[in-house]
Amino acid sequence: MWLQVSLLCLSCLTLPGQSQGQDRASLRRSNDHAGLCHYTFTVASPEESACSGTGMKPEMDGVSSRLTVLEALVSRLIAGADAGPRASGEDGIQGAYSQVTRERNQLEQDKERLNGQVQELQRRLAELSQEAESLRQRPCQQTHSSGGPQRDNRPASDPALNLGNGAYQEMKAEVKEVLASVLIPEENHNFTGCGELQSVGDPVLHRKADSITGKYGVWLQDPEPQGAQYSNETVWRIDAVGKDVRQLFAYEDMDQLSQGFPMKVLVLPEPMESTGGTMYRGSLYYQRKRSRTLIRYDLTSESLASRRELPHAGFHGQHPYSWGGYTDIDLAADEQGLWAIYSTSKAKGAIVISQLDPESLEVRKSWETNIRKNTVANAFMVCGRLYTVASYTAANSTVNYVFDTATGAGRAVAVPFKNKYRYNSMVDYNHAQRKLFAWDNFHMVTYDIRLGRANNGRS
Ligand code: CA
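Residues numbered from 1 in each chain as written. Predicted model: local features only at pLDDT ≥ 70, side-chain atom pairs only at ≥ 80, totals over all residues. Heavy atoms only, no water.

**Section: the pattern of salt bridges**
Piece 1. Counted under the stated rule, the structure contains 14 salt bridges.
Piece 2. Across the pair R237 and D239 runs a salt bridge, and its minimum N-O distance is 2.8 Å.
Piece 3. Relative accessible area serves as the criterion here: at 4%, R237 is assigned to the buried category.
Piece 4. A salt bridge links E359 to R296, with the shortest nitrogen-to-oxygen separation between them at 3.2 Å. Remark: R296 occurs in strand β11 (residues 293-298) and E359 occurs in the loop between β15 (350-356) and β16 (363-372); sequence separation between them is 63 residues.
Piece 5. With a relative accessible area of 54%, E359 lands in the exposed category.
Piece 6. It is possible to trace a salt-bridge network through shared partners that takes in E196, R385, D404 and R411. (Salt bridge = Lys/Arg side-chain N within 4 Å of Asp/Glu carboxyl O. Buried < 20%, exposed > 50% of the residue type's maximum accessible area, 1.4 Å probe, protein only. Helix = DSSP H or I, 4+ residues; strand = E, 2+ residues; numbered from the N terminus.)

**Some remarks on the sheet that holds strand β12 (residues 303-309)**
Piece 1. Strand order in the open sheet formed by four strands is β9-β10-β11-β12, with antiparallel pairing between adjacent strands. Looking at strand neighbours, the two that pair on one side only are β9 (278-280) and β12, the edges of this open sheet. Neighbour to neighbour, the strand axes of the sheet diverge by 25° on average, direction disregarded.
Piece 2. Pairing analysis gives six bridges linking β11 to β12, with the strands arranged antiparallel. (Pairing = 2+ DSSP bridges. Axes fitted to C-alpha atoms, helices over the stretch in contact; angles between N-to-C directions.)

**Regarding unusual backbone geometry**
Piece 1. Phi at H312 is positive, roughly 65°, even though this residue is not glycine.
Piece 2. Within the secondary structure, H312 sits in the loop between β12 and β13 (330-334).
Piece 3. We classify H312 as exposed; its relative accessible area is 63%.
Piece 4. A positive phi angle, near 70°, is found at R422, a position not held by glycine.

**Describing the pairing of strand β18 (residues 385-389)**
Consecutive side chains along a regular strand alternate between the two faces of the sheet.
Piece 1. Among the five residues that make up β18, five are buried, leaving the element largely enclosed by the rest of the structure.
Piece 2. Because side chains alternate across β18, one face comprises the buried residues R385, Y387 and V389, and the other comprises L386 and T388, equally buried.
Piece 3. Relative to β18, strand β17 (residues 378-382) runs antiparallel, the two being bridged by five bridges. In the strand pairing of β18, V382 is matched with R385.
Piece 4. Counting the residues in the hairpin turn of β17 and β18 gives two residues, including C383, whose phi is positive at 55°.
Piece 5. What sits between β18 and strand β19 (residues 396-404) in their antiparallel hairpin is a turn of six residues.

**Brief notes about the packing of aromatic side chains**
In this description, an aromatic ring pair is defined by two values, namely the gap between the centres and the angle between the planes.
Piece 1. Within the structure shown, the criterion is met by eight aromatic pairs.
Piece 2. A ring pair is formed by W219 and F437, whose centres lie 4.8 Å apart and whose planes are at 55°; its orientation type is tilted. With W219 in strand β5 (residues 217-221) and F437 in strand β22 (residues 435-440), this residue pair connects regions lying 218 residues apart in the sequence.
Piece 3. Judged by its relative accessible area of 0%, F437 is buried. (Phe/Tyr/Trp six-rings, centres within 6.5 Å; stacked < 30°, edge-to-face > 60°.)

**Re the sheet that holds strand β8 (residues 264-267)**
To summarise the sheet geometry, strands pair through backbone hydrogen bonds and adopt either a parallel or an antiparallel arrangement.
Piece 1. The sheet built from four strands is open, its strands ordered β5-β6-β7-β8 with antiparallel pairing. A strand with exactly one partner marks an edge of an open sheet, and here the two such strands are β5 and β8. Ignoring which end each strand starts from, the neighbouring axes of this sheet average 20° apart.
Piece 2. With three bridges connecting them, strand β6 (residues 235-239) and strand β7 (residues 247-251) associate as antiparallel partners. Each residue of the ladder has a partner; that of V235, found in β7, is Y251.

Structure, rendered in C-alpha cells:
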C-alpha cells in the first residue's frame, strides 16, 4: 500500500502545472451514514474551468499508463536489489560446489576401484605363494618313494626350486596331469570300503558362529557314540577363541545346531589348547592348555577319564600348522582308531603320527613322515593314512600329501580342497559319515569325500 501511495505522489510530481494546482487544493473530513470518517482531497484542474464529460479520460489514461510503467520499473528495481545479485552469486557457488562434488565422487570411485585391484592382487599373490609352497613341498615320486625329507635331497637344478614363471607354469600343468590321471579310476566309482582319498566335495555350511569367540573352533559328531545319552546325531561344538576355553556345547542334531541353542553346555575340567580336539567313543580328546598333556573327557560321566603326556611332543607354538594358533597337537579318529599328529625336536619339525590307546592315551606306535608340519595348514587321518591340506586361506587349495602307516611311506598327491571362507582352522574326519568336518572362519562346514582303491593295491 505504501508503494501505491508513493507512486501516486511520484505521478503527481510529474503532472504539468502541479505547482499551480496546489493553491487550490483542499482536504475535507466528514462522517458517512455508517459513522466512518472519510477524507476527501480536492484539487482544481489548472487547465479546465469545468468537467467536460469525456475530456478527462485521455489524461486519466495517460496517468494510468505512466503509473503502470513506474510500477513495473520500481518492481524491477526492488526485485533486482533484493534478489538479483544474490541469485547470481548463489548460482556461482552452487555450480562450483556441484563441480567439486562431482570430482570428489569420481575420486572416491577411483579409490574404491584401485583398492579392489590391490585386494585382488594381494589375494592372487597369496594363492600363488601358497601353490608355489605346496609345489615346493612335493617330493619327487620317481626317485624318492619313501625316506627322509625329500626337498633337502633335490638337486640345485630342480625346477621346483626355481620358481620362475615358466617353471611354475610347468609345475602347474604337471599337477593337473596327475589329477586327471589318478583322480577317478573307473573301478572306484562304487567303492565303499576303506581306501585312499580320491576327491573332496564342496563345503556344505551348517552354522555360522555369531561372536568373535567363534572365529575358529572345533565341531564334530562322534562316529562311535557310547551309552544312551548321546547318539551319532549329537553335534559337539567348542568355540576356541579365548584364554580359558572350557565350554563344550551339545546340540541334539544338525538341525538344532543350524537353527537354535544347544541342549546342554558341559564345562571341561581343564582348559583346552587350540583346535586339535576330537570326538571318539563317547569321549572328547583334547590337548590341555600350554602343555603336551592329552586329556580324555568322558561325555556320559562328565568327568576327566584319563590324562597323559604325549612324549616329546612340541606344544604352544613349537610345531604348529602354518596358520599358527598353537596347533601343535592335532588329535584324530578314523576307522583304525585314535591318532595324534604332532612333531618333536628329534623329528626337526616333520610330522610325527602316533596311534594312541583310546582308554589310557598311551602311544602304541609312532611314524615319522617326511613333510614339515609348519608347511601345511591341517591334517586328518582316513583309513590309517595321514592327509595334509596345503593352505588354510587359498580358496582353491589341495590335499597335497599322504602318508600310509601300513607301509611307512609318504608321497605327494593333489586332491582339490576348497577353503570357501578363507581361514580354515580345523579339519577332521568322521568315518561313520565319511565326511570331513571343518571350521572355516566362523563357518562350520562338512565336505563329502570319496575313497577308492589305492595305487599300491592296499585298501
Ligand atoms: Ca585336524
